[in-house]
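Residue-level structural notes
Letter by letter, the chains look like this.
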Amino acid sequence: MDENDFEGTLVLEKMLEIDQLDAFYEAIDDDDFARVKALMKRANLDHETIAMVLKKMHRADGKY
């Protein structure tokens, strides 16, 4: 997946579907990569999307 093709809204919609949006944001804020990954797997996100979110977390500089 190219970063330009990444659709962050899909991730948030999936978190809402499993009623875990707040937990997802908390895990991101805490840099809890394992929890973020587990939540995305629970929401049935594909491996490419999960990898892109984790990549963005690693590179985070306050923009994401």
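Scroll up a little and you will see the structure.
None of these values were measured; they are calculated from a predicted model. Residue indices begin from 1 for each chain and proceed along its sequence in written order. This being a predicted model, a pLDDT of at least 70 is required before a residue's local features are given, and a value of 80 or more before pairs of side-chain atoms are given or counted; all residues contribute to the totals for chains, interfaces and linings. Only hydrogens and water are set aside when side-chain values are computed; all heavy atoms of the structure are taken into account.

Observations regarding a negative patch on the surface
Test applied: Patches were defined on residues exceeding 30% relative accessible area and lacking a salt bridge, with like-charge contacts within 9 Å and nonpolar side-chain contacts (Val, Leu, Ile, Met, Phe, Trp, Tyr) within 5 Å. Only the protein chains shown count as covering a residue, and every accessible area follows the Shrake-Rupley method with a 1.4 Å probe. Salt bridges are counted wherever a side-chain nitrogen of Lys or Arg sits within 4 Å of a carboxyl oxygen of Asp or Glu. By the counting scheme adopted, Arg and Lys are positive, Glu and Asp are negative, and His together with the chain ends is not counted. Where a charge lies is defined by one atom per residue type, namely NZ (Lys), CZ (Arg), CG (Asp) and CD (Glu). We count a stretch as a helix when DSSP gives it H or I for four or more residues in a row; a strand needs E for two or more, and each element gets its number in order from the N terminus.
The grouping of D19, D22, E26, D29, D30, D31 and D32 at the surface amounts to a negative patch. Looking at the element boundaries, D30 is found in the loop between α2 (21-29) and α3 (33-42).

Some remarks on the packing of helix α1 (residues 8-17) against α2
For any two helices packed against each other, one specifies the inter-axial angle together with the distance between the axes. Put simply, the rule is: To obtain each axis, a line is fitted to C-alpha atoms, and for helices this fit is confined to the stretch in contact; angles are then taken between N-to-C directions over 0 to 180 degrees. Angles are sorted into four bins: roughly parallel if under 35 degrees, roughly antiparallel if over 145, roughly perpendicular if 65 to 115, and oblique for all others. Contact definition: two residues touch when any of their heavy atoms are within 4.5 Å. The residue classification treats Ala, Val, Leu, Ile, Met, Phe, Trp, Tyr, Cys and Pro as nonpolar and Asp, Glu, Lys and Arg as charged. All others, Gly included, are polar.
It is the contact of α1 with α2, at a shortest axis distance of 7 Å, that shows an interaxial angle of 125°. Taken together, the axis directions place α1 and α2 in an arrangement best described as oblique. Contacts between α1 and α2 involve V11, L12, M15 and L16 on the former and, on the latter, L21, F24 and Y25. Grouping the constituent residues of the contact of α1 with α2 by class yields seven nonpolar, no polar and no charged.

Remarks on α3
Our working rule: We call a residue buried when its accessible area falls under 20% of the maximum for its residue type, exposed when it is over 50%, and partly exposed in between, using a 1.4 Å probe and counting protein chains only. The directions considered for the arc are those from the helix axis to the C-beta atoms.
Those residues of α3 not exposed but buried are V36, L39 and M40. Summarising the axial view, the buried residues of α3 lie within an arc of 100°, below the 170-degree limit, and thus occupy one face. Remark: N44 follows α3 within two positions and exhibits a positive phi of approximately 60°.

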